[in-house]
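For reference, the chains in residue letters:
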Amino acid sequence: MTPGGVQVIKTADGGALVILDSDFSLDGAPDPRVGFGRDGKYVATSDVGKLENLTALQTYVVPARINIDDFNEVYIWCRQFNVPLGIATLNRN
């Protein structure tokens, strides 16, 4: 279980940020990554980067090569074992 809120925010320059809220936590795992998926499937090419902390507020810059509109989920992914550690559905407003 990976509790905590997540937001994906588009920036004025056309980029995006993934923000893990202050209530985010992960018990631990080898090689946790932040990335995106669609309809229950993680997309490895959407990797945003290594999870920097197991708890607390964190912000990740989404690389320009990733179009966030292609995805409807944010993943915390264990790259070593190829399994999800947490999945959050993106709400489109």
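The following paragraphs examine the structure supplied in this document. (Residues numbered from 1 in each chain as written. Predicted model: local features only at pLDDT ≥ 70, side-chain atom pairs only at ≥ 80, totals over all residues. Heavy atoms only, no water.)

Thoughts on the pattern of salt bridges
One side chain can pair with another of opposite charge once the charged atoms of both are near each other. One pass over the full model with this rule turns up 3 salt bridges. In this structure, Arg-79 engages Asp-31 in a salt bridge whose closest nitrogen and oxygen atoms are separated by 3.0 Å. Taken together, the residues Arg-79 in the loop between strand E7 (73-78) and strand E8 (83-89) and Asp-31 in the loop between strand E2 (16-20) and strand E3 (32-38) connect sequence positions 48 residues apart. The class of Arg-79 is partly exposed, set by a relative accessible area of 46%. (Salt bridge = Lys/Arg side-chain N within 4 Å of Asp/Glu carboxyl O. Helix = DSSP H or I, 4+ residues; strand = E, 2+ residues; numbered from the N terminus. Buried < 20%, exposed > 50% of the residue type's maximum accessible area, 1.4 Å probe, protein only.)

Points about the sheet that holds strand E1 (residues 6-10)
Strand order across the open sheet formed by 3 strands is E1-E2-E6, with antiparallel pairing between neighbours. Lying at the two open borders of the sheet, with one neighbouring strand each, are E1 and strand E6 (58-62). Adjacent strand axes in the sheet meet at a mean angle of 20°, parallel and antiparallel pairs treated alike. Pairing of E1 with E2, which is carried by 5 bridges, proceeds in the antiparallel orientation. In the sheet register, Ile-9 faces E2, and the bridge partner there is Leu-17. (Pairing = 2+ DSSP bridges. Axes fitted to C-alpha atoms, helices over the stretch in contact; angles between N-to-C directions.)

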